Amino acid sequence: MGDIERRQQEEEGGAVVRVVPRIAAVPAAEWDACARGVDSSGKTCPANPFISHAFLHALEESGSATRGTGWLPQHLVLEDAAGGIAACMPCYLKSHSYGEYVFDHAWADAYERAGGSYYPKLQAAVPFTPVTGPRLLVHEGPGRSEREGLLLQAAATLTDRLDVSSLHVTFPTREEWELAGKHGFLRRNDQQFHWRNESYEGFEDFLAALASRKRKAIRAERKRAIEGGIEIEWVTGKDLTEAHWDAFFAFYMDTGSRKWGSPYLTRQFFSLIGETMRDEILLVFAKRNGRAIAGALNFIGPDTLYGRYWGALAEHPCLHFEVCYYQAIDFAIAHKLARVEAGAQGAHKLARGYLPVPTYSAHWIRDPGLRRAVADYLKRERAAVAREIALLGEESPYRKQ
């Protein structure tokens, strides 16, 4: 996979789409201005920390998302007639399907068996981050939907020019997912479990909203989690130090080695986000006799707390639930955040107040035969996911209204 510097001249308005092989080549202020944008009602969209220039730059600068790891940056930048950046899209040329959390391994296997070459492919995503957020980053102003469409068209055109099998837009917003469908992309659904803050004043208010049996179970779990002198510490902002990152990285490596075989993020990544995003980071540590034995990394958005990574060097009952889920709820209530998103998968979150919500992806597949097969599969999969979300919703731990 070679570095590619191309310009795609669009017919309307003299707009130019440029393919940029390094996020550092895009001015941070201009990227972030697009990343905020406005919604259809004209209100400013909340910033998502993962689509910020700082987060993407840390992934590349640390060697976590680069050519060597199979994530070759191919970011799309839409320049207006005056040369200013009007829109952009985080995009990568990939040689595998790891670190995406939208699983297409079966598609790749089937295509390879039929004699095709599934890899490389294009991925419009935030590496290693299954968090819903904008993928079509458009600067504030009129013509927003037109520029979003130009990005989608340019990305699809890029698949032809690079002669790759497909383009996958993963974890976009629902609005982007619907727009992609109008542009001929195949649409896919999955689910996650999120907690919603109903203006609770404290954790007891949240518990009061649960059925009695669930309420008692959570109280018992929280009690067990801090038995034996376990203490919980929140660390954020200017209090973050390299010693904290050293401790957390040990937890991350332990969990990553067991779950993925080879953890995705380098130690330098954590130092970089500690420098550039410290006010958007919450580390939750569990300590025994003053020594951290477990921890969780969260990112703080304007209205959402995003749980990302967890690890522990010592076994302790219910500690995972406490550090990852209940402490996140405590923090969200204390800081009046609307939601907690606790990452991919995990039906066990349902009993702890996290309810199923749909997630989205959109797929542009060049080969007509593969496209037909995937389209048929996705039609059945969407129906199955909708049924599962409905069934899980009936198992809600909240009191019936």
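In this text, all values refer to a predicted model and were calculated from it rather than measured experimentally.

Parameters at a glance
- All residue numbers refer to positions counted from 1 along the written sequence of the respective chain.
- The predicted nature of this model means local features are confined to residues of pLDDT at least 70 and side-chain atom pairs, given and counted, to a pLDDT of 80 or more, with totals for whole chains, interfaces and linings taken over all residues.
- Water and hydrogen atoms play no part in the side-chain values, which are based on all heavy atoms of the structure.
- Note on terminology: a nonpolar core comprises buried Ala, Val, Leu, Ile, Met, Phe, Trp, Tyr and Cys residues joined through side-chain atoms within 4.5 Å.
- Throughout this description, buried means an accessible area under 20% of the type-specific maximum (1.4 Å probe, protein chains only), exposed means over 50%, and partly exposed covers the range between.
- The helix count covers DSSP runs of H or I at least four residues long, the strand count covers runs of E at least two residues long, and both are numbered beginning at the N terminus.
- The contact definition used throughout considers only heavy atoms, calling two residues in contact when any of these lie within 4.5 Å.
- Any Lys or Arg side-chain nitrogen located within 4 Å of an Asp or Glu carboxyl oxygen qualifies as a salt bridge.
- Axes, fitted as lines to C-alpha atoms, cover a helix only where it is in contact. Angles between the N-to-C directions of the axes lie from 0 to 180 degrees.
- Any angle that falls under 35 degrees is termed roughly parallel, while one over 145 is termed roughly antiparallel, one within 65 to 115 roughly perpendicular, and all others oblique.
- Put simply, a crossing is left-handed when the front helix is turned counterclockwise from the back one by less than a right angle, and right-handed when it is turned clockwise.
- Gly counts as polar in this scheme, as do all residues outside two lists: the nonpolar Ala, Val, Leu, Ile, Met, Phe, Trp, Tyr, Cys and Pro, and the charged Asp, Glu, Lys and Arg.

## What about the nonpolar core?
Move 1: Counting residues in hydrophobic clusters, the biggest one holds 47 residues, and the most contacted among them are Trp245, Phe248, Leu265, Phe270, Ile273, Leu297 and Phe299.
Move 2: Where this core is concerned, the elements lending two or more residues are helix H1 (28-36), helix H2 (53-61), strand S5 (85-89), helix H8 (242-259), helix H9 (267-276), strand S12 (281-288), strand S13 (291-300) and strand S14 (304-312).
Move 3: Per element, the largest residue contribution to this core is 5 residues, and it comes from H8.
Move 4: Once residues within four sequence positions are removed from consideration, Phe248 is found in contact with Phe270, Leu283, Phe285, Gly295, Ala296, Leu297 and Tyr309.
Move 5: Judged by nonpolar contacts, the second largest core, of 39 residues, contains Ile230, Val284, Ala342 and Tyr354.

## Things to note about the pattern of salt bridges
Move 1: As enumerated under the stated definition, the model contains 20 salt bridges in all.
Move 2: Glu381 serves as the salt-bridge partner of Arg188, at 2.8 Å between the closest nitrogen and oxygen. Here Glu381 lies in helix H11 (residues 368-394) and Arg188 lies in strand S10 (residues 186-196), a separation of 193 residues in the sequence.
Move 3: In this structure, Glu233 engages Lys287 in a salt bridge whose closest nitrogen and oxygen atoms are separated by 2.8 Å. Of the two residues, Glu233 is situated in strand S11 (residues 230-236) and Lys287 in strand S12; the sequence distance between them amounts to 54 residues.
Move 4: Looking at Glu233, the relative accessible area reads 26%, which means it is partly exposed.
Move 5: Judged by relative accessible area, Lys287 falls into the partly exposed class, the value being 23%.
Move 6: Put simply, Lys94, Glu100, Asp104 and Lys121 are held in one network by salt bridges that share partners.

## Observations concerning the packing of helix H7 (residues 212-225) against helix H10 (residues 319-334)
Move 1: Running from N to C, H7 and H10 point in directions that differ by 115 degrees, and their axes come no closer than 9 Å. Classified by the interaxial angle, the pair formed by H7 and H10 is roughly perpendicular. You can see that H7 and H10 cross each other, and the crossing is left-handed. Across the interface between the two elements, Ile218, Glu221, Arg222 and Ala225 from H7 touch Leu319, Phe321, Glu322, Tyr326, Gln327 and Asp330 from H10.
Move 2: Residue composition of the contact of H7 with H10, by class: 5 nonpolar, 1 polar and 4 charged.

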